[in-house]
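# Summary of the model geometry
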Amino acid sequence: MNFTDELIAQSLSHICKSSGENIKNFKIIKESPISHPIPQRYNKDKLVLLPINPNSSFVYWEITDKTLEKFGIDPKNVQLSFKLVDAANHEIGEFSSSLTIGNYYINHKSGHKSLHVKLFLNLCNKLEYISSSNIIGAQQNTPKSMRDDLIYTSTLLGGK
């Protein structure tokens, strides 16, 4: 085992102690990053909203060329409009993008019980509805003992 493998082994044994299991023998499989590159596109329409803290959220999207073709839009000349809305469909915030794949941090006031994003195509200054994101339960306020950087870490990075 090399130095890195020893660190992995230590971290695995620490994690597994809490579950009552012991890992003694394991094999670390290392793959070349070039062998399985992460695709640039998945070719699926997607709009996802994630909470970060009571005052901000993160949205990412992918709009396929097929969807744009339905509306007669050239993928190189697209204008998207996003609206953050609450449960009563009141607009809380908005932003625009000319990218069919992207992400964006949205700042908003706390106090909303649930939020979601609506996506529109801007067609000659007329908004054409495309889809809505998942609904998130927004935090009402941050516990005093929890720092924003911890909320950010646990939400976006899976607690790592």
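All of these numbers come straight from a predicted model, not from anything done at the bench. (Residues numbered from 1 in each chain as written. Predicted model: local features only at pLDDT ≥ 70, side-chain atom pairs only at ≥ 80, totals over all residues. Heavy atoms only, no water.)

## Observations regarding the overall build of the chain
Which entries qualify depends on this criterion: A helix here means a DSSP run of H or I that spans at least four residues, while a strand means a run of E at least two residues long, and both kinds are numbered starting from the N terminus. Each residue is assigned to one of three classes by its accessible area relative to the maximum for its type, calculated with a 1.4 Å probe on protein chains only: buried under 20%, partly exposed between the two thresholds, exposed over 50%. Residue contacts are defined here by distance: any two heavy atoms, one from each residue, within 4.5 Å place the two residues in contact. Methods summary: accessible areas were calculated by the Shrake-Rupley approach with a probe of 1.4 Å, and residue burial reflects only the protein chains presented.
Helix and strand counts for the chain stand at three helices and eight strands. N-terminal to C-terminal, the α/β element order of the chain is α-β-β-α-β-β-β-β-β-β-α. For the chain, the residues scored as buried account for 30% of the 160 residues in total. A separation of at least 24 residues holds for 55% of the contacts in the chain among residues at least 6 apart in sequence. Of the accessible surface of the chain, which amounts to about 11300 Å², a share of 53% is contributed by carbon and sulfur atoms.

## Here we look at the layout of surface pockets
Rules: Buriedness for pockets is judged along seven lines, at least five of which must meet protein on both sides within 12 Å for an open set on the 1 Å grid over protein atoms alone, while cavities are sets there where a 1.4 Å probe fits but cannot get out, and lining residues have an atom within 4 Å of a point. Grid points are joined across faces, edges and corners, and a volume is the space filled by probe spheres set on the points. Put simply, Ala, Val, Leu, Ile, Met, Phe, Trp, Tyr, Cys and Pro go in the nonpolar bin, Asp, Glu, Lys and Arg in the charged bin, and everything else, Gly too, in the polar bin.
The volume enclosed by the largest pocket comes to roughly 230 Å³. What lines the largest pocket is simply I38, P39, Q40, Y42, K44, K46, Y60, W61, E62, I101, G102 and N103. When residues of the lining of the largest pocket are traced back to their parent elements, those giving at least two are β2 (56-62) and β5 (101-107). Looking at side-chain class alone, the lining of the largest pocket contains six nonpolar, three polar and three charged residues.

## Description of the nonpolar core
Put simply, the rule reads: Think of a nonpolar core as a cluster: buried Ala, Val, Leu, Ile, Met, Phe, Trp, Tyr and Cys residues, connected wherever their side-chain atoms sit within 4.5 Å.
In this structure, L47, L49, V59, W61, L80, F82 and V117 are the most contacted members of the largest nonpolar core, which totals 18 residues. Only β1 (46-53), β2, β3 (80-86) and β6 (114-123) provide two or more residues apiece to this core. No other element matches β6, which puts four residues into this core. Ignoring sequence-local partners within four residues, the contact set of V117 consists of L47, L49, V59, F82, K83, L84, I106, S131, S132 and S133.

## Things to note about the packing of aromatic side chains
Put simply, the rule is: The criterion for an aromatic pair is that two Phe, Tyr or Trp rings (for Trp, the six-membered ring) have centres within 6.5 Å, with stacked assigned to planes under 30 degrees apart, edge-to-face to planes over 60 apart and tilted to the rest.
All chains considered together, the criterion is met by seven aromatic pairs. Judged by centre distance (6.4 Å) and plane angle (40 degrees), the ring pair of F58 and Y60 falls under tilted. Relative to F95, the ring of W61 has its centre 5.9 Å away and its plane inclined at 45 degrees; by these criteria the two rings are tilted. Of this pair, W61 sits in strand β2 while F95 sits in strand β4 (residues 91-97); the two residues are 34 residues apart in sequence, bridging distant segments of the chain. With respect to class, W61 is no different from F95; both count as buried. An aromatic cluster is present here, built from W61, F82, F95 and Y104 joined pairwise through their rings.

## Details of the pattern of salt bridges
Formally: Any Lys or Arg side-chain nitrogen found within 4 Å of a carboxyl oxygen on Asp or Glu counts as a salt bridge.
Enumeration over the complete set of coordinates arrives at three salt bridges. Where E91 meets K83, a salt bridge forms, and the shortest distance between an N and an O atom there is 3.5 Å. Residue classification places K83 among the buried positions, given a relative accessible area of 15%. Linking K83 and E94 is a salt bridge whose minimum nitrogen-to-oxygen distance equals 3.1 Å. Here K83, found in strand β3, pairs with E94, found in strand β4; they are 11 residues apart in sequence, far enough to count as distant. Judged by relative accessible area, E94 falls into the exposed class, the value being 53%. Residues joined in a network through salt bridges with shared partners are K83, E91 and E94.

## Observations concerning the sheet that holds β2
Heads up, the condition is: In this scheme, strands are said to pair when DSSP sees at least two bridges between them. Helix axes are fitted to C-alpha atoms over the stretch in contact, other axes to C-alpha atoms as well, and angles between N-to-C directions run from 0 to 180 degrees.
One open sheet accounts for three strands, arranged β1-β2-β5; its pairing is antiparallel. Two strands in the sheet have a free side with no partner beyond their single neighbour: β1 and β5. Going from strand to strand, the sheet's axes swing by 15 degrees on average, the running direction of each strand aside. Where β1 lies against β2, seven bridges are found, and the strand directions are antiparallel. Opposite N53, over in β2, you have S56 as the bridge partner.

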